[in-house]
Amino acid sequence: MSQLDEETPLLRPEEQVKIKTPLPWRQLSIILFLQLTEPVTAQAIAPFAPQLIRDIGVTHGDESRVAYFVGIMYSVFYVAQALTTLQWNRLSDHVGRKPVILTGLFGISISMFLFGLSKTFGGLILSRVLCGALNGNGGVIKSMMIDVTDSSNMAQAYGFLPIPWMTGNALGPLIGGSLSHPADRFPRLFGQSTFLKTYPYFLACAGPALFTAFTWLVTYMLLQETVPTTTTLWSLVRNKCQALVHTKPPQPDRSNSDMVQGSSDDSRPLPLSALMTPRVLIVTLNYGTLALLDIALRTLIPVFYSTPVNMGGLGLDPPRIGNILAVFGIANGLIQVFFFARLHDRFGTKLVYTCGVASSVPTIIAFPTINMLSRTYGIGAAVWFAVGLQLTMSIALNMCYACAAMYIAASSPNRASLGATNGVAHTVAACVRIIGPASAMSMFSFSVRDPYCAWAVYYFMMMLGLLAIGVSFLLPRRMWTRGS
């Protein structure tokens, strides 16, 4: 029996009620508003991407090659992002989050205008590369969310993260699906516009581009910097140049070593080599497999919906695909807003994450089931029920991103290196997103061309799902702490 004295707490640590810090709503609301730009711009092109590839003539009428070129178009964005996102996130630890976010918003806006004006496949590729190269906001915004919260209210803050994604995933497909070919869809308004007849997808891209420009203004005027000590870009470049020409061999940084072991000094960003701890590597591996599975699935869904029934798809047009994805975005956001925090508090981060990636298995099985139902019964109640069930099951996969963000925050060796830690994870995610769309679309094209291998793409997707489930068991049941 343990000895008790006057210093023994009346409640055991697990019995003590932890007081939650109130959320900083002014800053948090702006951060959530910033998050809208990513889903709006990404989902706006999803409904018309297959038709756009057909219209520019790069497939020369070969329907089986549509998915292949759609995959390339998505992948080049992540090639550019993989080459730059780590540097953007590391830069945010030094010059601050706000300048990096403003640069990213500018890049998104310009690239969306260029995408709408592109008439060749090369033009589409150039606009997507520009968007990926200038946009490192994904990790930087997550770092900013961690900056304005602490361990007592971080889960509560991430519970609101689905709100912008819900809104963006609903608005993006509606904008893209409704405003593509406006001269044909709205002849009274745009029927006389030669410009919109020449560039039938410009209006669908200009809407998200203008919204991003408005977000840039809101960020510039209202967002507060969250990095406590920043340096100017010129000073950073000058210091780097001086370090390169310095003749004295570099001495080991003892303070950095101490911080990795759990020191409370959170004031200085660590070098990249000090970030490669087992915790960071485990989280990065999980985030990478999650991103690979998710991007392959999200790329496959609209292409499957647009592919003719006799070729293994569902044969829907862009407006209907946009409506389906919009409804899914609303349902996804509402379910996560009302249930994620409760599920997280009840079952813990790891179980929610593992069950989320496991939900990909029945989601993948639903693809051939939907096609079989459409062949047998036509596009009717049974097919719509199966489509709704498939998208509902996939909502659990989206919950994994909030869980992964919490693990990334906990794995960072010190608080001043949150940007770099997020950058490492997002760089790996961007790398796998290069191969995710291209590989999934290549497998789908192969499945469409060869009837004897019609299920090859679903075997491939199942392999990705099982891989993500397997590596999730490396995550700890209890969240890491920096002192442990």
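Cut-off values and rules
Residues numbered from 1 in each chain as written. Predicted model: local features only at pLDDT ≥ 70, side-chain atom pairs only at ≥ 80, totals over all residues. Heavy atoms only, no water. Helix = DSSP H or I, 4+ residues; strand = E, 2+ residues; numbered from the N terminus. Buried < 20%, exposed > 50% of the residue type's maximum accessible area, 1.4 Å probe, protein only. Areas by Shrake-Rupley, 256 points an atom, 1.4 Å probe, with all protein chains shown as cover. Salt bridge = Lys/Arg side-chain N within 4 Å of Asp/Glu carboxyl O. Phe/Tyr/Trp six-rings, centres within 6.5 Å; stacked < 30°, edge-to-face > 60°. Lys NZ or Arg CZ within 6 Å of the ring centre and 35° of its normal. Polar contact = N/O pair within 3.5 Å; in protein donor to acceptor, adjacent residues only side chain to side chain. Contact = heavy atoms within 4.5 Å. Core = buried A, V, L, I, M, F, W, Y, C linked by side-chain atoms within 4.5 Å. pLDDT = per-residue confidence, 0-100. Axes fitted to C-alpha atoms, helices over the stretch in contact; angles between N-to-C directions. Parallel < 35°, antiparallel > 145°, perpendicular 65-115°, else oblique. Nonpolar A, V, L, I, M, F, W, Y, C, P; charged D, E, K, R; others polar. 1 Å grid on protein atoms, 1.4 Å probe; cavity = no way out; pocket = protein on both sides within 12 Å on 5 of 7 lines; lining within 4 Å. Points joined across faces, edges and corners; volume = space filled by probe spheres on them. Left-handed = near helix turned anticlockwise from the far one by under 90°.

**Concerning the overall build of the chain**
Counting its secondary structure elements, the chain contains 23 helices and zero strands. For the chain, with 484 residues in total, the buried portion stands at 53%. Element-wise, carbon and sulfur atoms account for 66% of the exposed surface of the chain, whose accessible area totals about 22200 Å².

**A short note on the pattern of salt bridges**
Inspection of every chain in the model, using the stated rule, returns three salt bridges. R97 is the partner of D93 in a salt bridge, and the nearest nitrogen-oxygen pair spans 2.8 Å. A relative accessible area of 5% places D93 in the buried class. For R97, a relative accessible area of 2% puts it in the buried group. Measuring nitrogen to oxygen at the nearest pair gives 2.8 Å for the salt bridge that ties R97 to D147. In this pair, R97 sits in helix α5 (residues 97-117) while D147 sits in helix α7 (residues 137-147), placing the two residues 50 residues apart along the sequence. Members of the salt-bridge network, linked through shared partners, are D93, R97 and D147.

**Some thoughts on the packing of aromatic side chains**
Across all of its chains, the model carries 16 aromatic pairs by this definition. Taking the centre distance of 5.7 Å and the plane angle of 70 degrees together, the rings of F33 and F211 count as edge-to-face. Of this pair, F33 sits in helix α1 (residues 25-35) while F211 sits in helix α13 (residues 202-222); the two residues are 178 residues apart in sequence, bridging distant segments of the chain. Here F211 falls in the partly exposed class, since its relative accessible area comes to 22%. By way of ring pairs, the aromatic residues F304, Y305, F367, W455 and Y458 are connected into one cluster. The residue whose ring lies beneath K98 is Y220, and the NZ or CZ to ring-centre distance is 5.8 Å. Seen from the ring of F347, R346 lies directly overhead, with NZ or CZ sitting 5.0 Å from the centre.

**A few points about the side chain of S359**
One can find S359 in the loop between α19 (349-358) and α20 (360-377). For S359, a relative accessible area of 11% gives the class buried. Of the polar contacts made by the side chain of S359, one reaches the backbone oxygen of G356; its length is 2.5 Å. Apart from residues lying up to four places away in sequence, S359 is in contact with M393, A396 and L397.

**A word on the nonpolar core**
Core analysis: the biggest nonpolar cluster contains 113 residues, and Y158, Y305, F444 and M461 have the highest contact counts within it. Sort the elements by how many residues they give to this core and helix α21 (residues 381-411) lands first, with 18 residues. Look past the residues within four positions of Y305 in its chain and what remains in contact with it is L314, G315, L316, I321, I324, V387, Q390 and L391. One finds L86, L270, L275 and V424 within the second-largest nonpolar core, a separate group that totals seven residues.

**Points about unusual backbone geometry**
A positive phi angle, close to 55 degrees, is found at H60, a residue other than glycine. Following the sequence through the fold, H60 ends up in the loop between α3 (49-56) and α4 (66-95). With a phi angle near 50 degrees, H181 is a residue other than glycine that sits in the positive phi range. Tracing the sequence through the fold places H181 in the loop between α9 (162-179) and α10 (182-185).

**Re the confidence of the model for the chain**
Looking at the chain, the pLDDT average stands at 82 and 87% of residues meet or exceed 70. Here helix α15 (residues 254-260) stands out as the least confident element of the chain, with mean pLDDT 36; helix α23 (residues 456-472) is the most confident, with 94. Below a pLDDT of 50 lies the segment residues 6-17, which in the model reaches three contacts outside its immediate sequence neighbourhood of four places, other chains included. Every residue in residues 247-264 is under pLDDT 50, and counting partners more than four places away or in other chains gives 15 contacts.

**Some points on the environment of L174**
Inspection of the secondary structure puts L174 in helix α9. Since its relative accessible area comes to 35%, L174 is described here as partly exposed. Sequence spacing of L174 and A326 is 152 residues, and the spatial spacing of their C-alpha atoms is 6.2 Å.

**With respect to the packing of α19 against α20**
How two helices pack is summed up by the angle between their axes together with the distance between the axes. Contact pair α19 / α20: the axes reach a minimum separation of 5 Å and the direction vectors enclose 15 degrees. For the element pair α19 / α20, the angle class is roughly parallel. On α20, the residues that touch G356, V357 and A358 of α19 are S360, V361 and P362. The residue makeup of the contact of α19 with α20, split by class, is four nonpolar, two polar and no charged.

**Quick look at empty space enclosed by the protein**
On inspection of all chains with the given rule, the structure shows three cavities of 30 Å³ or more. In this model, the largest cavity occupies a volume close to 990 Å³. Considering the residues around the largest cavity, the lining is formed by 42 residues, among which E38, Q43, W165, D294 and R433 are closest to the centre. Residue classes in the lining of the largest cavity are distributed as 22 nonpolar, 14 polar and six charged.

**Concerning the packing of α5 against α7**
Here α5 crosses α7 at 145 degrees, and the two axes come no closer than 10 Å. Considering how the two elements wind past one another, α5 and α7 form a crossing that is left-handed. Of α7, the residues touching α5 (which contributes R97, K98, V100, I101, G104 and L105) are N137, V140, I141, S143, M144 and D147. The residue makeup of the contact of α5 with α7, split by class, is six nonpolar, three polar and three charged.

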